[in-house]
Amino acid sequence: MSDSSNAPLDLAALRQRIDTIDSELMRLISERADCAQQVAHVKTADDPDAVFYRPEREAQVLRRVMENNPGPLHGEEMARLFREIMSACLALEKPIKVAYLGPEGTFTQQAALKHFGHSAISLPMAAIDEVFREVEAGAVNYGVVPVENSTEGVVNNTLDSFMDSGLHISGEVVLRIHHHLLMSSVTRQDKISRIYSHPQSFAQCRKWLDAHYPHAERVAVSSNAEAARLVKTEWHSAAIAGDMAAQLYGLDHVAEKIEDRPDNSTRFLIIGNELVPPSGTDKTSVVVAMRNEPGVLHDLLEPFHRHRVDMTRLETRPSRTGAWNYVFFIDFKGHIDQPDIASVLAEVRGRAQDMKVLGSYPVGVL
Ligand SMILES: C=C(O[C@@H]1C=C(C(=O)O)C=C[C@H]1O)C(=O)O
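Report follows, based on the coordinates. (Residues numbered from 1 in each chain as written. Predicted model: local features only at pLDDT ≥ 70, side-chain atom pairs only at ≥ 80, totals over all residues. Heavy atoms only, no water.)

Let's shift gears to helix 11 (residues 296–306). Where helix 11 is concerned, the buried positions are Val296, Leu300, Pro303 and Phe304. The buried residues of helix 11 occupy an angular sector of 105° when the element is viewed end-on, so they sit on one face. In helix 11, the exposed residues that point more than 90 degrees away from the buried face are His298 and His305. On the buried face of helix 11, the contacting elements are strand 12 (282–290), strand 13 (311–318), strand 14 (326–333) and helix 12 (339–351). Once helix 11 ends, the next one or two residues include arginine 308, with phi positive near 55°. (Buried < 20%, exposed > 50% of the residue type's maximum accessible area, 1.4 Å probe, protein only. Helix = DSSP H or I, 4+ residues; strand = E, 2+ residues; numbered from the N terminus. Arc of directions from axis to C-beta. Contact = heavy atoms within 4.5 Å.)

Structure below.
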């Protein structure tokens, strides 16, 4: 390495090796795409209306990639590459159509692309219930909606939409949420007196704002992407939004990663029409209605405890109909096809006024 006269020769040799590897990679990816196409033909031979996309199979592929990854690339990075290869392979048959809580540039769009890859067609919707409606109407294959944030808690609109819907959960995706203070080319950085953002983002950056912009007016808008759009024309305004919105509207960073908690993350759900077979590492979500009587919470939780089922979340929502007094949203590890899970659910159903399985789905891989 000390002999610098060798460097150009080494560089040329290395580049030649990379070119050879790329050709081989291309041949292998094409062979894989050809295989995936053949799988699609097998599926349609059995059933002309077969869905090509298989969430449980994709989760297995990605888990295998992460387990077998030899490095030096990080496992998640390698899985992201395979995520895109699978997405492109699937799109050869028919690109998957996904509705998400818009507008363009939201974290929900970022979650949709993280889950389905960039070959999916993603369509922005104005509200969470519109995402549900679009999937129910069959206009899209899947929907993506936020369900909980590690700092701010549950997204009530999403839980409420499940109460009225027959849709199932077919997946989850967790996204690290980084907020930035952004300005446009017309903003005068020393004169920022108004900051636009979504109320959840303001809440997630409250301490930072109190410390750095205590006197700026905080204007709540319907999404971070909308906030980013607004600052394009206002010289005294800035926006709090994420990378996607910053890129979409060509904004510059005044300050990066201003969220109060470094582990700030949001969990999104994928909603669709089908129940998903087991992938090996799954989660189940149910909604249970109980009478408003003493001891109901204990009655509800006791079977989970006795069967040693690992509960990952419990949310309570007030019922919106007279018949449902208390509504609990419960997430736990396992799949409804497993006998132990089936017996817990049978017991819970016996104690509840009503119970609906929202879905069993692969634990988020990426
Ligand atoms: C190829 C298949 O169909 C689709 C494509 C996949 C892939 O490219 O690996 C995986 C699952 C499906 O979404 C399959 O079911 O195996």
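Take the site of the ligand next. The ligand sits among Arg32, Val39, Lys43, Phe52, Tyr53, Arg54, Arg57, Glu58, Met86, Cys89 and Leu90. Between an oxygen atom of the ligand and a side-chain N or O atom of arginine 32, the distance comes to 2.8 Å. Glutamate 58 places a polar side-chain atom, nitrogen or oxygen, 2.7 Å from an oxygen atom of the ligand. When the ligand is considered free in solution it has 360 Å² of accessible area, and contact with the protein chains removes 89% of it. For the shell around the ligand, the secondary structure elements donating two or more residues are helix 1 (7–46), helix 2 (55–68) and helix 3 (75–93). Here the shell around the ligand is built from residues that sort into 6 nonpolar, no polar and 5 charged. (Near = heavy atom within 4 Å. Polar contact = N/O pair within 3.5 Å; in protein donor to acceptor, adjacent residues only side chain to side chain. Areas by Shrake-Rupley, 256 points an atom, 1.4 Å probe, with all protein chains shown as cover. Nonpolar A, V, L, I, M, F, W, Y, C, P; charged D, E, K, R; others polar.)

On to the side chain of arginine 83. With respect to the helices, strands and loops of the structure, arginine 83 is situated in helix 3. Here arginine 83 falls in the buried class, since its relative accessible area comes to 3%. Within the structure, arginine 83 has its side chain in polar contact with the side chain of glutamate 58 (distance 2.7 Å).

A few words on the environment of valine 221. Within the secondary structure, valine 221 sits in the loop between strand 8 (217–220) and helix 9 (224–230). Linking valine 221 and tyrosine 196, residues 25 residues apart in sequence, is a C-alpha distance of 6.6 Å. In this view, valine 221 contacts Tyr196, Ser197, His198, Pro199, Glu226, Ala227 and Leu230; residues no more than four positions away in its chain are not counted.

Okay, unusual backbone geometry next. Residue proline 72 is reached from glycine 71 by a cis peptide bond, and omega for that bond is 10°. Topologically, proline 72 is positioned in the loop between helix 2 and helix 3. Across the junction of glycine 102 and proline 103, the peptide omega takes the value 0°, indicating a cis bond. Topologically, proline 103 is positioned in the loop between strand 1 (97–101) and helix 4 (107–116). Residue lysine 257 is not a glycine yet carries a positive backbone phi of 50°. Phi is positive for arginine 308, which is not a glycine, with a value near 55°.

Time to look at the sheet that holds strand 15 (residues 354–362). If you walk across this open sheet you meet the 4 strands as 13-14-12-15, and the pairing is antiparallel. Looking at the sheet topology across the chains shown, the edges are occupied by strand 13 and strand 15. Pairs of neighbouring strands in the sheet enclose a mean axial angle of 15°, with direction left out of account. Sheet analysis places strand 12 next to strand 14, joined by 8 bridges and oriented antiparallel. Residue pairing across strands places valine 288 opposite phenylalanine 328, the latter belonging to strand 14. Contacts from helix 11 reach strand 12, strand 13 and strand 14, with the element oriented near 20° to strand 14. Running over the sheet, helix 12 touches strand 12, strand 14 and strand 15 and is turned about 155° from strand 15. (Pairing = 2+ DSSP bridges. Axes fitted to C-alpha atoms, helices over the stretch in contact; angles between N-to-C directions.)

Attention now goes to the sheet that holds strand 9 (residues 237–241). With mixed pairing, 5 strands are arranged side by side in an open sheet as 8-7-9-6-10. This sheet does not close on itself; its edge strands, each paired only once, are strand 8 and strand 10 (252–255). In this sheet, adjacent strand axes meet at a mean angle of 35° when their direction is disregarded. Sheet topology places strand 7 (residues 194–197) next to strand 8; 4 bridges connect them, and they run parallel. Across the sheet, arginine 194 pairs through a bridge with glutamate 217, a residue of strand 8.

On the surface, Ile21, Leu25 and Ile29 cluster together into a nonpolar patch covering about 250 Å² of accessible area. Tracing the sequence through the fold places isoleucine 29 in helix 1. Using a relative accessible area of 36% as the deciding quantity, one classes isoleucine 29 as partly exposed. (Patch = residues over 30% accessible without salt bridge, like charges linked within 9 Å, V, L, I, M, F, W, Y side chains within 5 Å. Salt bridge = Lys/Arg side-chain N within 4 Å of Asp/Glu carboxyl O.)

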